[in-house]
Every structure is written in C-alpha cells, then in structure tokens.
Amino acid sequence: MRSSGRVIRAIVLRELAGYFSTPTGYVFIALFVFLSALAAFWQDAFFAANLANLEQLNRLFPYLLLFLLPAVAMSLWAEERKHGTEELLLTLPASDWQVVAGKYLAGLAIYTAALIFSLSHVLVLVWLGSPDLGLTLSTYAGYWLAGAALLALAMLASLMTDNLTVAFILGALFCSIPVFLDKAGVILSGAAERLAMRLSLVDRFSDLAAGTVTPGAVVYFLGLAAAALYANMVLLGRKRWPVRAGEPRLGYHFLFRCLFLGVAVCSLALLASRSAWRWDTTSERIHTLAAETRQLLLGLDARRPVFVHAYISPEVPRSYLEARSNLVALLREFDAVAGERLHARVVSTLKYTPEAREAQERYDIRPQRLPATEESAHVVNEIFLGLAFTCGTEEFVIPFFDRGLSPEYELMRSIRVVSGASRRKVGVLDTPARLFGGFDYQRRAQAGEWSVVAELRKQYEVVAVTPDAEYAEDIDVLLAVAPSTLTPPQVDRLAAYARTGRPLLLLLDPMPAFNLELAPQEIAEAPSGFGPTGRPAARADLRPLLDAVGIAWQPNRIVWDSHNPHPQLRHLPKEFVFLGSQGFQAAEAVSSGLQEMVLLYPGTLRPREGASAEFVPLLESTEDSGLIPWGQLVQRSLFGVALNQNPQRVPDQRRHILAAKVKGAANAIVVADADWIGEQFFEMRRRGLAQLSFDNVTFVLNAVDALAGDTSFIALRKRRPRHRTLEAVEDRTRTYEARRRQETEQAEAIAEERLREAQARLDRAVAEIQRRPGLDEQTRQIMISNVEAVESRRLTVARTTIEDEKLRQIELSRAEMENSIRRIQSTIKLMAVVLPPIPAFLVFLAVSVRRLRRERIGVPADRLVEGGAR
C-alpha cells in the first residue's frame, strides 16, 4: 500500500510540474475565472435580483465546465501518446488503477486550483453585501463535486486519441451527456424524460446550490466519477487483451461491465435521493427542523396518533420537483421524530388508479391541472400533491400543496389542528370591503372571498360578524377592515367593543386601492352622463373608535417613501411603501424577524394626546419619506377618479408609523392600510416567487396569533433565507436618488417663484390703474379688465412655459439619475469581471519570464539575437 502511494504521488507531481511550469495552464485558469465572473456579475439579472449570491453563476456553471475540464484533461493522455512516453509510463512497476488514479488526482488538483482562484467572486459579494457564507460553501462544494465527476469523463476522451484538439472536442462531448440530460424534453417525453432530468448533473447540483448537502447529490457525483474512472482503467488495459484466434473477446465483456456499472450508479443515486437526511449549511438553518416543530411533535398524544396520508404523483413538472422532494423528506423526518405519535403514509398516486380513486372518494383530493411551462412539450399536466390529516374523528385536508408554501409550517399547523388542539374563533366584521365575497350591487359583479379568510380558516374558526348587532361574546379576535365605510351607529358599536379590551385587529386605509369608492375622503360625483358616480357623500366619524383605541390618524394624508430595493419595480409610485429590515420593530414577536413588506398608499399613525395606553410602533417608513394630501394625489375628471402619478413630494425627514400595537384600555393592533392583505400577496406566496418574497401574509397571521394569545407558530413562519441585498449598490443609488429629489424640488421652487413674479406683475399693473387720477370709475374698470385680459393671457402662456420647463428639468434629473445608476452598475461589472483573473494572469507572466530566463541560461552570447546584432 505504501508503494502504491509513492507511485500515485510520483505521477501526480510529474503532471502538476508539467502543467504549472508552462504558461498555458495559467491561461486556461485565468480564462475560466474571467468567464465565470462574466456569468456571475455581468448579467443585468444580477442587479435586477439585487441579491448577494451566486445564483446567476449557478445557472451557467455546469456549462462552463464543458470548456474547462476538457481543457484540463486533454493533455493527460494525448500528450503522452504524442511524445511517445505512454509506453515508458506503462512499463513502470505500477498497476492500471495507480496510473489512472495519479492522472486523475493531478487533473483534480488543477481544477481545484482554478476554483481557488475563482474565490475572488466571494470577495466581490462581500464587498457588495453580506452573503450567506454557509450557502457559498455548499455551492463551492457543488462546483468541486460536479467538476470531479466530469473530469473523469473528459479523461476518457484523452485516452482515445493523440490529438489535443480531438481530445478537447471529445471531452466536451462526453461531459455534455450528463449536463444536457436536463434538456431531455427535446427528444424524450413522459416518464423517460422525467427520469433523464432526475439523472442530470444540473438537477443534482441544484441541491448543493440551495445550501443542502444530500446523499443523492453526493452519491451521484462520486458514483459518476467512479464509473468513469473504471472505464479509464478498461481502456488503458485494452492493449494487453489477447488478440489470437480462439481467445475470449474481452471487449464486449468489459463493455457490458461498464454499462451495468453505469446502471448500478444511477440506481444507487436514485435510491439515495429518497433519503430524508440532509446537511443544512445555510446560516438560517432553513432546511433543518425547528425546535418548535420537534416540541410540537413530541407533545402529541401517543394514544391518539395522527395519520398523514400524502397522495403525491411520482413524477411532477420541474417547477414542483423541489416542493415534492421537500414535502416527502419532511414527512419521513416527522415520522421518525414523532415515533408512535404520528404515522406518515406517502401514496404514489397516478390519475385513474385505485389510489387516485381513494384520494377523491375519501378526502376529495383531485389532480391539479398545471401548465408545464418549463417542459419542452408545453402540455398540461395533472398531478396529485394533496394531504389528508386524521386523528380519531377529526380530519383536515390540504387538496393541493402549492410550491410557495412553507412545508414545515403548513404540516405542523395542520397536525396541531387535527390533533384536537382547541381552535380559537376569529370574527371578521362584515364591512363594505366584503372579505367574505358576495354580490356587489354597486358594481353589479360577484366578488370572491378574500384569501386572508381562507388562510385564517386553516388555523381558526372564522365567523362573519354583522356590524348591526351586538358582537358574540365567544370571539377571541375581531378583524375590522376599512371601518370608515361603516355607519355612525356601527362605528359606535365597534368603539364599544374596543373599550372592553377584547383583541382587535384594525385595518384603516386612507386610500383603498382595491376600491377607491371606499375611501374615507369625499369623491365628488361626476357630471350627469359622464363616467361613474361616487358613492353617497355620508362618511362615518371615526373619532369615537380612534379615541377608544388611543390613536390619532389623518384620513387625508398618505405616506410615500423613496426606498425601493427592487430595480425591476422602479416604475411603481413611491406610495408603494417598501419596508426593509429597518422598518420592523425587533422587540415585538409580531414583527421581529420579518424581512420585507410592501404597503399600498398607507396612512400614518401616532398616539393620541393624553392617552394612557402603551403605544408600540410595529412598522415604520424610512426617513426618506413624507406625506401627500389626498387632494394632490387623487385627480377628478369627467371619466371618474384617476391618480396623479407625479405629485409634489417633499420629505419631512422623519419616520412615519404605519402599524402599531396598543395595549391599555384597548388591546389592538392597528395598520394604516388594507391593501397589504390583497390577493396579489397570497398569490405571490403560493407561486413561490423568490425575488418578490414579501412577509405580508406572515405579518397578518402573526398579528392574529399574538392577539389570540397563540404564539406557537410565529417563530416557525419566519423561517426563510435572509434577504441579503447588494447593500453597496443600494447606498450609492440612494445618494443619486437624493440628488434627483433635490433637483426636482429646486425646479418646482423656481417654477413657483416665476409664477409668483408673473402674478405680481398683474397685481402691480392693476394697482397702478387704481392709483391713476382723473379716471372715472367706468373707464378705470374697462382699463383694469383690458390689463387683466392681457396679463392673464401672458400668465397662461408663462404658466405653460414654466410648467414645461419644470417637467423638462425633472425629466433631465430622472435621466441623469438613471445614467448614474447605470454607471455604478457598469463600474461594478467591470471591477468584478476584470479584477478576479488578474492573480492568475500575474502568475502566468511570472512563469513566462522565469521560463524565458531558464531557456537563455547556458546559451553562448554570440548565439543570442542581441549578441548577433551587436
């Protein structure tokens, strides 16, 4: 064994010395680092996502390996044949596996060196933001394992020829097979296509890129490398096969051996992928069971076990692969942790099978039709992804598990509900906001039930509360949306409820975008025959309710904020208020741990003067914000109500409170907006949009839980990757946005000054006529009218000119800001792409100079070019 190690070490050192003693090796490494930097940082999607991670590189990295690894492996055997040293190498006292192992380890060391040089990408991320180093470590482990597997395949090509070019092309061809299995839909369909995708290198690499080291990924890469290395040994030893007549034909024998070995590796990888074990490398430990989950599972009664029946299709579209695998893995882990307290049964379910009939007849779980947008055939798939939870006579069903939902949270909530835990009652006040849906007589349309009601039903008993009668005593939490739409007696009844100290979630809204006719401000009716008319002018006085709760709220003021971390959403008005980590109250369980929310045209809250209740802000805007009067934002016309897209916004350099908790005579959480629980946010959550992952749904559920005194799920809901933005880019962008706002304010101030001057000229002309002696009253009035007519025309022209000039200045300022932001991005791109290859290039220059000097040593001076010239 010791001699084997010496042989392998000798071969490794020989190959490394040959590779790194020439400049060519460093050229390939520098080019690889350069191309990977292009893939990671040069794309516009990197700045659009605004996340400090290597997601853009991960999408292209398997394809970059098709260039690098054949370049590394092409000389390992082809050079030996080209220079005639192969026979010398094979006559050494070494077995075939020792020679192959030495060559492979040398190539792997070269590839590892290239990855080490590419660690500069991590330094770029650290410069721009705060990346998850655990996730980055897992990603680089994926890079290394993927390269280790493909390197063995590329070596096969080098064994087949003595031409470096042919070896490179063949190596790229061999490596492309596992990589492009991801595109199997071009030639395959159905089960064969899905099987090929599961065996693709891209699919296995995605686990590691997500921050989880799974047995399936490790077995796949190591098995692929082992199978390819065995094929290398077979090809290397083929020269010693007998060729005389009557001797066995070993070629077919070893061919079948390699084929069966490949099948065994694929089967083992598929079996390993079913394992529930995983190593979570992320900083937030989002792939590991939470302590609250284990506590809830161990708290179940073993005498009344919970049974989970999961009807899941064996094959699902690519967009649901992760959701399916996470769901199955969690069910197995739950079963192992809970022991006899919980029994999970995963049923492989296909349409028109007895299992499908059982799911439909017993639990009304039916196949969901999904447009397979990521599939090549673009067909509509019908898949099962439903769960039924039973415990004794209790039953709870999730007909379809959307991929954007948190599997751990949804499973634990369902298990607790069905295990017999008491369900508290949430009352929803039936205001004209119509959270329960129904026919809208004013719009003459059927309104659907809001998703927030369906979400609350998963955990609570939800009942409708009529505002015209006394509220039931058994309500644990009351949700009141847009109380300004109530009548005065109804407001008094709600205020009386608040004064009792019973829990209240109150959603005020100065400008409900879902229905402007419900706004607390008067909307003037359009002239008869022109457009829609506003609703009746009567508005309830909310002062009794606000006094009972202990807050002050201005229904005619709307908050705006310049903070917007999403470049792809820059077109949205500033009244779409985005809240980052600085906008959440960290000391309160309701809001701590949240990462991002967005409110639409919210109002501002403050404690009422003289109120003794405790007032705790939960959501706040940034200091780069201000207030806009209702009249400046809402424009009335003959065709209805329109919004002014470019109102005058003046920051007041203070943070506005958008939501608060009040504890005292009243027990309430008040939010100055109702649009934040709109349907779009539940749809985003269901679809699992990674780049737009708002915590709106989490916050409303946390608020209800906190008011109901049930906080067991609050910590579980917040488990998600931290939203790590490009902080350096945001800081620089914020500077240019502040400059643009100052220029806009300056342009508006100049316009106002010029208008005042024009008006002053008119006033002076009239005053001069008034002071002129000797004019009778009629003549004076005629002259004043003429002057006013002339000056009014001049004022109108001046106003139009001034307004055009102001708009031009504002547009120039906006264009300058956009150009400045693009320059920032271009500078970052240039530095991130040009700087990383420099270390490898410097080593290349050093090796080139050193080699040139060594070639000149010992050469007579008269044979040098310089000497001959002299």
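Up top is the structure.
Residues numbered from 1 in each chain as written. Predicted model: local features only at pLDDT ≥ 70, side-chain atom pairs only at ≥ 80, totals over all residues. Heavy atoms only, no water.

### A word on the overall build of the chain
- A tally of regular secondary structure across the chain gives 28 helices and 25 strands.
- Here the chain, with 870 residues, has 49% of them falling under the buried criterion.
- When the accessible surface of the chain is totalled, it reaches about 41,100 Å², and 57% of it is carbon and sulfur. (Helix = DSSP H or I, 4+ residues; strand = E, 2+ residues; numbered from the N terminus. Buried < 20%, exposed > 50% of the residue type's maximum accessible area, 1.4 Å probe, protein only. Areas by Shrake-Rupley, 256 points an atom, 1.4 Å probe, with all protein chains shown as cover.)

### Concerning the packing of aromatic side chains
- Tallying each qualifying case throughout the model produces 16 aromatic pairs.
- Measuring from centroid to centroid gives 6.3 Å for Phe28 and Phe67, while their planes differ by 45°, and the two rings are tilted. Residue Phe28 is located in helix H2 (residues 23-42), and its partner Phe67 is located in helix H4 (residues 55-83); the two are separated by 39 residues in the primary sequence.
- The structure contains a cluster of three or more aromatic residues connected by ring pairs, namely Phe32, Phe61, Tyr140, Tyr143 and Phe205.
- The aromatic ring of Trp42 is capped on one face by Lys829, whose charged end is 5.5 Å from the ring centroid. (Phe/Tyr/Trp six-rings, centres within 6.5 Å; stacked < 30°, edge-to-face > 60°. Lys NZ or Arg CZ within 6 Å of the ring centre and 35° of its normal.)

### Concerning a nonpolar patch on the surface
- Side chains of Trp42, Trp127, Leu830, Met831, Val834, Leu835, Ile838, Phe841, Leu842 and Leu845 sit close together on the surface and give an oily, nonpolar patch of about 900 Å² of accessible area.
- At the level of secondary structure, the elements contributing two or more residues to the nonpolar patch comprise helix H26 (777-834) and helix H27 (838-856).
- The element contributing the most residues to the nonpolar patch is H27, with 4 residues.
- By the element assignment, Leu830 lies in helix H26. (Patch = residues over 30% accessible without salt bridge, like charges linked within 9 Å, V, L, I, M, F, W, Y side chains within 5 Å. Salt bridge = Lys/Arg side-chain N within 4 Å of Asp/Glu carboxyl O.)

### Some thoughts on the pattern of salt bridges
- Considering all chains together, one arrives at 24 salt bridges under this definition.
- In this structure, Arg543 and Asp541 form a salt bridge, with 2.9 Å as the shortest nitrogen-oxygen distance.
- Arg543 sits in the exposed class, given a relative accessible area of 56%.
- The closest approach of N and O atoms between Arg649 and Glu575, which form a salt bridge, is 2.9 Å. Taken together, the positions of Arg649 in the loop between strand S23 (640-643) and strand S24 (657-663) and Glu575 in the loop between strand S16 (557-561) and strand S17 (576-579) put the pair 74 residues apart, joining distant regions of the chain.
- By relative accessible area, Glu575 is classed as buried at 1%.

### Overview of the side chain of Glu410
- Within the secondary structure, Glu410 is located in helix H17 (residues 407-418).
- Look at Glu410 and you get buried, because its relative accessible area is 1%.
- Residues in contact with Glu410, not counting those within four places in the same chain, are Phe401, Leu405, Glu455, Lys458 and Arg685. (Contact = heavy atoms within 4.5 Å.)

### A look at the packing of H2 against helix H6 (residues 96-117)
- The N-to-C vectors of H2 and H6 enclose an angle of 45°; their axes lie 9 Å apart at closest approach. Relative to H6, the element H2 is oriented oblique. Read as a crossing pair, H2 and H6 show a hand that is right-handed. Between H2 and H6, the residues in contact are Ile29, Phe32 and Val33 and Ala114, Leu115 and Phe117, respectively.
- Among the residues making up the contact of H2 with H6, the classes are represented as 6 nonpolar, no polar and no charged. (Axes fitted to C-alpha atoms, helices over the stretch in contact; angles between N-to-C directions. Parallel < 35°, antiparallel > 145°, perpendicular 65-115°, else oblique. Left-handed = near helix turned anticlockwise from the far one by under 90°. Nonpolar A, V, L, I, M, F, W, Y, C, P; charged D, E, K, R; others polar.)

### A word on the pairing of S24
- A large share of S24 lies buried, amounting to 5 of its 7 residues.
- One ladder, built from 6 bridges, connects strand S20 (residues 614-620) with S24; its direction is antiparallel. Within S24, the position partnered with Glu614 by the bridge is Lys663.
- Here S24 pairs with strand S25 (residues 667-671) via 5 bridges, running antiparallel. Within the sheet, the bridge partner assigned to Ala659 lies in S25 and is Val671. (Pairing = 2+ DSSP bridges.)

### Observations concerning the side chain of Asp203
- Take Asp203: it is sitting in helix H11 (residues 201-209).
- Once residues lying within four places of it in the same chain are set aside, the contact partners of Asp203 are Met197, Arg198 and Leu321.

### Here's the deal with the nonpolar core
- By size, the foremost hydrophobic cluster in this structure holds 86 residues, and its most contacted members are Tyr104, Tyr111, Tyr143 and Phe221.
- Element by element, the count of residues in this core is highest for helix H8 (residues 133-159), at 15 residues.
- Setting aside anything within four residues of it in sequence, one finds Tyr143 in contact with Leu54, Leu57, Asn58, Phe61, Tyr111, Leu115 and Phe205.
- Core analysis: the next-biggest nonpolar cluster, separate from the first, contains 80 residues, Ala323, Leu331, Leu594 and Ala674 among them. (Core = buried A, V, L, I, M, F, W, Y, C linked by side-chain atoms within 4.5 Å.)

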